[in-house]
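For reference, the chains in residue letters:
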Amino acid sequence: MASEDIKLHPSWLERIGGEFDQPYMAELKRFLVEERERGKHIYPRGSEWFRALDLTPPDQVRVVILGQDPYHGPGQAHGLCFSVKDGVRPPPSLVNIYKELESDVGIKPRRHGFLEHWAKQGVLLLNSVLTVEMGQAASHRERGWERFTDRIIREVNAKAEPVVFMLWGSYAQKKAAFVDASKHLVLKAPHPSPLSAHSGFFGCRHFSKANAFLESRGRPPIDWALPESATAA
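Reading the values: rules and limits
Residues numbered from 1 in each chain as written. Predicted model: local features only at pLDDT ≥ 70, side-chain atom pairs only at ≥ 80, totals over all residues. Heavy atoms only, no water. Pairing = 2+ DSSP bridges. Helix = DSSP H or I, 4+ residues; strand = E, 2+ residues; numbered from the N terminus. Axes fitted to C-alpha atoms, helices over the stretch in contact; angles between N-to-C directions. Contact = heavy atoms within 4.5 Å. 1 Å grid on protein atoms, 1.4 Å probe; cavity = no way out; pocket = protein on both sides within 12 Å on 5 of 7 lines; lining within 4 Å. Points joined across faces, edges and corners; volume = space filled by probe spheres on them. Nonpolar A, V, L, I, M, F, W, Y, C, P; charged D, E, K, R; others polar. Salt bridge = Lys/Arg side-chain N within 4 Å of Asp/Glu carboxyl O. Expected span 1.5 Å × (residues − 1). Buried < 20%, exposed > 50% of the residue type's maximum accessible area, 1.4 Å probe, protein only. Polar contact = N/O pair within 3.5 Å; in protein donor to acceptor, adjacent residues only side chain to side chain. Phe/Tyr/Trp six-rings, centres within 6.5 Å; stacked < 30°, edge-to-face > 60°. Lys NZ or Arg CZ within 6 Å of the ring centre and 35° of its normal.

Asks: Could you clarify how one ought to interpret the sheet that holds strand β6 (residues 185-189) in this entry?
Replies: Remark on secondary structure: sheet strands pair via backbone hydrogen bonds, oriented parallel or antiparallel. With respect to topology, four strands assemble into an open sheet ordered β3-β2-β5-β6, the strand pairing being parallel. Across the chains shown, the open sheet's two edge strands, defined by having one partner strand only, are β3 (123-127) and β6. Pairwise comparison of adjacent strand axes, ignoring direction, gives a mean angle of 20° for this sheet. Bridge analysis of strand β5 (residues 164-168) against β6 gives five bridges, and the strand direction is parallel. Bridging across to β6, L167 finds its partner in K188. In the packing of helix α8 (residues 206-216) onto the sheet, the strands contacted are β2 (63-67), β5 and β6, and the crossing angle to β5 comes to about 165°.

Asks: What is the right way to read the layout of surface pockets from this model?
Replies: Any empty space left between atoms is shown by rolling a water-sized probe over those atoms. Counted as a void, the largest pocket has a volume near 460 Å³. Lining the largest pocket we find 32 residues, and of these Q68, D69, P70, Y71 and H191 sit closest to its centre. Breaking the lining of the largest pocket down by element, the ones donating at least two residues are β2, α4 (92-105) and α7 (170-175). Of the residues that constitute the lining of the largest pocket, the class distribution is 18 nonpolar, 12 polar and two charged.

Asks: For this particular structure, what's the right way to read the environment of V164?
Replies: Assignment of secondary structure puts V164 in strand β5. As a C-alpha pair, V164 and L185 span 21 residues in sequence and 4.7 Å in three-dimensional space. In contact with V164, not counting residues within four places along its chain, are R62, V63, V64, L185, L187, A210, F213 and L214.

Asks: What is the right way to read the pattern of salt bridges from this model?
Replies: When the charged atoms of two side chains with opposite charge come close together, those side chains can pair. In the structure shown here, the tally under the stated rule is 17 salt bridges. A salt bridge links R51 to D54, with the shortest nitrogen-to-oxygen separation between them at 3.6 Å. With R51 and D54 both in helix α3 (residues 51-55), this residue pair falls three residues apart, about one helical turn. A salt bridge links D104 to R205; the nearest nitrogen and oxygen atoms lie 3.1 Å apart. Placement of the pair is D104 in helix α4 and R205 in the loop between β6 and α8, with a sequence separation of 101 residues.

Asks: Mind showing me how you'd approach α4 here?
Replies: End to end, α4 covers 20 Å across 14 residues, agreeing with the expected 20 Å (1.5 Å per residue, within 8%). Within the sequence span of α4, burial applies to S93, L94, N96, I97, Y98, E100, L101 and D104. On its buried side, α4 packs onto α5 (116-119), β5 and α8. In the stretch just after α4, G106 is the one whose phi turns positive, near 80°.

Asks: Where do I start with the side chain of H78 in this structure?
Replies: Looking at the secondary structure, you find H78 in the loop between β2 and α4. There is a polar contact of 2.7 Å between the side chain of H78 and the side chain of S83. Beyond its immediate chain neighbours, meaning those up to four positions away, H78 contacts P44, E48, R51, S83, V84, K85, F114 and E116.

Asks: What is the right way to look at α8 in this model?
Replies: In an α-helix, one turn spans 3.6 residues; hence positions three or four apart end up facing the same way. Burial in α8 covers these residues: H206, F207, S208, A210, N211, F213 and L214. For α8, the secondary structure elements touched by its buried residues are β2, α4, α5, β5 and β6. Note on α8: the residue one or two positions beyond its end, G218, has a positive phi of about 80°.

Asks: When you look at the side chain of R62 in this model, what are you seeing that I'm missing?
Replies: For R62, the position within the fold is in the loop between α3 and β2. Within the structure, the side chain of R62 is placed 2.4 Å from the backbone oxygen of Q121, a separation counted as a polar contact. If we skip the residues at most four places from it in the chain, R62 touches Q121, G122, V163, V164, L214, R219, P220, P221 and I222.

Asks: How should I be thinking about the packing of aromatic side chains in this particular structure?
Replies: Taken as a whole, this structure holds 13 aromatic pairs when the rule is applied. Among the aromatic residues, those joined into a cluster by ring pairs are F82, W118, W168, F201, F202, F207 and W224. Its end group placed over the ring of F178, R154 keeps NZ or CZ at 4.0 Å from the ring centre.

Listed below in structure tokens is the structure:
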């Protein structure tokens, strides 16, 4: 990775910085450079590839929400799973997350989809793959990002403090199958996509369950209520 692309919290760099020296990461870098040289548009921009790690240092992680790939539409992705930039209409999966949030804990949906307020409280909003080609869903899978994000999950799993893992859909559940459920709370539900939300995501009550678990372990709960305005996040 070019130095300008490695922008993440120093405490994460201390723990996983060695990954950037691994051969698989060199191959990934080569792939991304070649894609750019071919004129491909890659989302999010390089300075935001590790935004989730920059906002949520390892010692502050209380909840992990796993996504798959960044959004591939212009102006959407900014390095946090399920989140979109200010001014971008919340995508269908996020709309359903908001619906469950309201049903579970009574928080009214916001007009924006900017989730940095959660990330700054210790909610690691981690995609499995951190880049994507514009308009081409899943275009950067199996290029090395999965190995990198597996390492991140293993670091969180190794924490002494209990963490809540929200695993929505079979992809996330398989990726985090090794998480120690005797120490952490592992919550599973179908993906919030319109294709599967009615199969068990709605009514899963993960937000209240997460806070109940954290408080029972002496950890502060998450304030799931997003600011009315994305600029206030």
